[in-house]
Amino acid sequence: MRSKLNYLISISLKRKIKTKWFVIANLLIAIVIMGIINIDSIINLFGGEFNNKTNIYVVDETNIAFDLFKSQVDSSSNMLGGTSSFNYNVIKSDKSIDELKYILENDEEEGSSIVLNFKESSENILNVSMITKEYIDLVDTQILTTAINNTKSTIAISLSNIPEEVLNSIYSPVKIERIFLEDNKNNEDENMEIIMTTVFPVVILPFFMLTIFLVQMIGAEVNDEKMTKGMEIIISNVSPKTHFFAKVIAGNLFVIIQGVLLFLYAGLGMLIRNLFGGSNITGGVITEIGSLVSSVIDSNIGSSLIYVIPLTLLLMLITFLGYSLLAGILASITTNTEDFQQLQTPIIIISLLGYYLSMMAGVFKGSLFIKILSFIPFISAILSPSLLVLGQIGVVEVIISIVLMVITVSLLIKYGLRIYKVGILNYSSKNLWKKMFKALKN
């Protein structure tokens, strides 16, 4: 049995890997992933430029608006991470408006400069004219509008003869002192928890995608053998049990290989970015990732990752096995690909539910309902690690989720194999469910 099993596994893997479509698909995936990571360099190669600052020429007829406006713009740029897309070079100009218009009209870089003209107003305190060569984007418009309105408010308050000390106290940021009643809580870990709530769903996205791919792949392969009558030849030489396990093992091995390749493509993309350098359109993504990793390691959450990562990987691998078993069983009782696509819809919905719940785990903090859902097999692979990272459940709860998933896999093997034996050689949907229940009883 072992030799036949190994033979079927190798044949199944070769059918998936040693094909032109596998090479072409992975080549395209690699190009897309590495391209996205280096998108700024690619755009620069075709004439885009993101390192230049936007020049803002200010003609200040009020003699007090320029400094206030510049401080507001600098503050907004720093809040947005100082990325080049929001970097401005605010310049106080002595030129006339007509001279500045001439500069804009002859500027070869579209949208690279903006002219602002501040004027006093007896009714509105401040009137502003904004002159550009082309349209400016929404973010620039919002930042400049906010800075102008804040400048107007500051001028209005200053004209009210309010002392300078009071003005400084009004515009100084509020200092918030965080106090935790529990001794093991601190502000840094609170910030890390917020970051992990956002980052973790992105990290487990490949698992969600590979799960759907695994279900579709096994279902399509079983249906293909049934529709071409190849199943009869195979089953005449090997037992349904051997055939079933071969499909499941080969499918899981292929998905694991594909997952490793995805991370490899991402790593190559990062390496290319480091070797050739990228512009600042991403806000120094490599630096930010390195800073984030260092912060996570130094926090209490970083120490918890020592057991979070192994438990998560173990739960995901067992869940992969469960999904592949379920896909094989459902595919065996269908007579064509269309029927299996209808049957796989609930599987995809369950997986999608787990993914969205993991994204919203922070919103439902403390909810008993979402904790109960974290024990449900198939959903637990995505939801339990998210709740563990957020501290809503402990290691014991995750271990319980793993045990429940192992029990589910055992039941699928025990009873699913009975259905598989009947279903793979059944080419009629008539009384199919009756035959399935009869197989379960036997």
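Structure: see above.
Please read all numbers here as calculations on a predicted model, not as lab measurements.

Asker: I would appreciate a short explanation of the overall build of the protein chain in the present structure.
Answerer: When helices and strands are tallied, the protein chain shows 18 helices and four strands. Residues classed as buried in the protein chain amount to 39% of the 442 residues present. A separation of at least 24 residues holds for 75% of the contacts in the protein chain among residues at least 6 apart in sequence. Split by element, the accessible area of the protein chain, about 25200 Å² in all, is 63% carbon and sulfur.

Asker: In this structure, what is going on with the nonpolar core? I would like to understand it.
Answerer: For soluble globular proteins, the rule of thumb is that nonpolar side chains tend to be buried together. In this structure, Leu214, Phe244 and Leu383 are the most contacted members of the largest nonpolar core, which totals 68 residues. A per-element tally of this core places helix α13 (residues 300–332) first, with 12 residues. Those residues in contact with leucine 214, other than ones at most four positions away along the chain, are Gly251, Asn252, Val255, Phe320, Tyr323 and Ser324. Ranked by size, the runner-up nonpolar core spans 17 residues in total, among them Val58, Leu116, Phe118 and Ala147.

Asker: Could you clarify how one ought to interpret the pairing of strand β4 (residues 125–132) in this entry?
Answerer: Note on strand geometry: in a regular strand, side chains alternate between the two faces of the sheet. Where strand β3 (residues 113–121) and β4 come together, eight bridges link them in antiparallel fashion. From the neighbouring strand, isoleucine 114 faces β4, where its bridge partner is threonine 132. Hairpin remark: β3 followed by β4, antiparallel, with three residues in the connecting loop.

Asker: Sorry, what's going on with unusual backbone geometry here?
Answerer: Trans peptide bonds make up the majority, and among non-glycine residues the majority have a negative phi. Positioned with a positive phi, asparagine 63 is a non-glycine residue whose angle comes to about 70 degrees. Structurally, the position occupied by asparagine 63 is in the loop between β1 (54–60) and α4 (65–79). The backbone of isoleucine 125 shows a phi angle near 70 degrees, a positive value even though the residue is not glycine. With respect to the helices and strands, the residue isoleucine 125 is situated in strand β4. Residue isoleucine 125 is classed as partly exposed on the basis of its relative accessible area, which comes to 30%.

Asker: Would you explain the sheet that holds strand β2 (residues 88–92) in this entry?
Answerer: The strands making up a sheet associate through hydrogen bonds between their backbones, and the pairing can be parallel or antiparallel. Within the open sheet, the four strands sit side by side as β2-β1-β3-β4. Their pairing is mixed. Because the sheet does not close on itself, it has two edges, and the strands there are β2 and β4. Direction aside, neighbouring strands of the sheet carry axes that sit 25 degrees apart on average. Across the sheet, helix α5 (residues 97–105) touches β1, β3 and β4, and the angle it forms with β3 is around 160 degrees.

Asker: When you look at the packing of aromatic side chains in this model, what are you seeing that I'm missing?
Answerer: What describes a pair of aromatic rings is the distance from one ring centre to the other and the angle between the planes of the rings. Taken as a whole and assessed by the stated rule, the structure comprises nine aromatic pairs. One aromatic cluster is present, formed by Phe22, Phe213 and Phe254 through successive ring pairs.

Asker: Can you help me understand helix α9 (residues 205–227) in this one?
Answerer: For α9, which comprises 23 residues, the first-to-last C-alpha distance of 33 Å matches the rise-based estimate of 33 Å (1.5 Å per residue) to within 8%. Directly beyond the C-terminal end of α9, a positive phi value near 65 degrees is found at lysine 229.

Asker: Got a minute to help me understand the pattern of salt bridges in this structure?
Answerer: Between side chains of opposite charge, a pair can form as their charged atoms come close. On inspection of all chains with the given rule, the structure shows three salt bridges. Between glutamate 221 and arginine 15 there is a salt bridge; the shortest N-O distance is 3.8 Å. One end of the pair, glutamate 221, is in helix α9; the other, arginine 15, is in helix α1 (residues 2–17), with 206 residues separating them in the sequence. According to the relative accessible area criterion, glutamate 221 is buried, its value standing at 9%. Between glutamate 221 and lysine 16 there is a salt bridge; the shortest N-O distance is 2.6 Å. In this pair, glutamate 221 is assigned in helix α9 and lysine 16 in helix α1, connecting sequence segments 205 residues apart. This pair shows no difference in class: glutamate 221 is buried, exactly as lysine 16 is. Overlapping salt bridges, with partners in common, bring together Arg15, Lys16, Glu221 and Lys247 in one network.

Asker: I keep staring at the environment of isoleucine 402 and nothing clicks. Help me out?
Answerer: Positionally, isoleucine 402 belongs in helix α17 (residues 395–423). Apart from residues no more than four positions distant in its own chain, isoleucine 402 is found in contact with Leu311, Leu314, Leu315 and Ile318.

Asker: Looking at this structure, I do not really get the packing of helix α2 (residues 20–37) against helix α11 (residues 240–276). What am I missing?
Answerer: Between two packed helices, what matters for the description is the angle formed by their axes and the separation of those axes. At their nearest, the axes of α2 and α11 sit 8 Å apart, and the two run at 40 degrees to each other. Regarding α2 and α11, the two cross each other, and that crossing is right-handed. Residue-level contacts link Phe22, Asn26, Ile29, Ala30, Ile33, Met34 and Ile37 of α2 to Phe254, Gln258, Leu261, Leu262, Tyr265, Ala266, Leu268, Gly269, Met270, Ile272 and Arg273 of α11. Across the contact of α2 with α11, the residue classes tally to 14 nonpolar, three polar and one charged.

Asker: How should I be thinking about the side chain of threonine 408 in this particular structure?
Answerer: Note that threonine 408 resides in helix α17. The buried category is assigned to threonine 408, whose relative accessible area is 18%.

Asker: In this structure, what is going on with the packing of α9 against helix α14 (residues 337–359)? I would like to understand it.
Answerer: Where α9 meets α14, the axes come as close as 10 Å, and the angle between the chain directions of the two elements is 165 degrees. Classified by the angle between their axes, α9 and α14 sit roughly antiparallel to one another. Like other packed secondary-structure pairs, α9 and α14 cross with a definite hand, here right-handed. When α9 is examined against α14, the residues Leu205, Phe208, Thr211, Ile212, Val215, Gln216, Gly219, Asn223 and Met227 are found in contact with a partner set consisting of Thr337, Phe340, Gln344, Ile347, Ile348, Ser351, Leu352 and Tyr355. Here the residues of the contact of α9 with α14 are counted per class, giving 10 nonpolar, seven polar and no charged.

Asker: Where do I start with a nonpolar patch on the surface in this structure?
Answerer: Together, Ile306, Tyr307, Val395, Val396, Ile399, Ile400, Val403, Leu404, Ile407, Leu411 and Tyr415 give the surface a local cluster of nonpolar side chains, amounting to about 940 Å² of exposed area. Of all the elements in the fold, those that place two or more residues in the nonpolar patch are α13 and α17. Sorting elements by how many residues they give to the nonpolar patch places α17 first, with nine residues. On the secondary structure map, isoleucine 399 appears in helix α17. Judged by its relative accessible area of 41%, isoleucine 399 falls in the partly exposed class.

What counts, and where the lines are drawn
Counting restarts for each chain: residues are numbered from 1 in the order of the written sequence. Residue-level local features of this predicted model are given only where pLDDT is at least 70; pairs of side-chain atoms are given and counted only at 80 or more, and the full residue set underlies all totals for whole chains, interfaces and linings. Calculated side-chain values reflect all of the structure's heavy atoms, with hydrogen atoms and water omitted. Helix numbering and strand numbering both begin at the N terminus, where a helix is a DSSP run of H or I of at least 4 residues and a strand a DSSP run of E of at least 2. Buried residues are those whose accessible area, probed at 1.4 Å on protein chains only, stays under 20% of the maximum for their type, while exposed residues exceed 50% and partly exposed ones sit between those limits. In this description, contact between two residues means that some pair of their heavy atoms is separated by no more than 4.5 Å. Here, Shrake-Rupley sampling with a 1.4 Å probe gives the accessible areas, and only protein chains in the shown set may cover a residue. Buried residues of nine kinds, namely Ala, Val, Leu, Ile, Met, Phe, Trp, Tyr and Cys, make up a nonpolar core once their side-chain atoms join them within 4.5 Å. Pairing between strands is defined by DSSP: at least two bridges between them are needed. Only the contacting stretch of a helix is used when fitting its axis, a line to C-alpha atoms as for every element, and angles between N-to-C directions run 0 to 180 degrees. Put simply, two rings from Phe, Tyr or Trp (the six-membered ring, in Trp's case) pair if the centres are within 6.5 Å, and we call them stacked under 30 degrees between planes, edge-to-face over 60, tilted for the rest. In a helix, the anticipated span is given by 1.5 Å times the number of residues less one. We count a salt bridge whenever a side-chain nitrogen from Lys or Arg sits within 4 Å of a carboxyl oxygen from Asp or Glu. Crossing handedness: left-handed means the near helix sits turned counterclockwise from the far one by under a right angle, and right-handed means the same turn made clockwise. Following the grouping adopted for this structure description, the nonpolar residues are Ala, Val, Leu, Ile, Met, Phe, Trp, Tyr, Cys and Pro, the charged ones are Asp, Glu, Lys and Arg, and the polar ones are all others, Gly among them. Oblique is the label for any angle not under 35 degrees, not over 145, and not in the 65 to 115 range, which are roughly parallel, roughly antiparallel and roughly perpendicular in turn. Put simply, a patch holds well-exposed residues, over 30% relative accessible area, that have no salt bridge, with like charges counted together within 9 Å and Val, Leu, Ile, Met, Phe, Trp or Tyr side chains within 5 Å.

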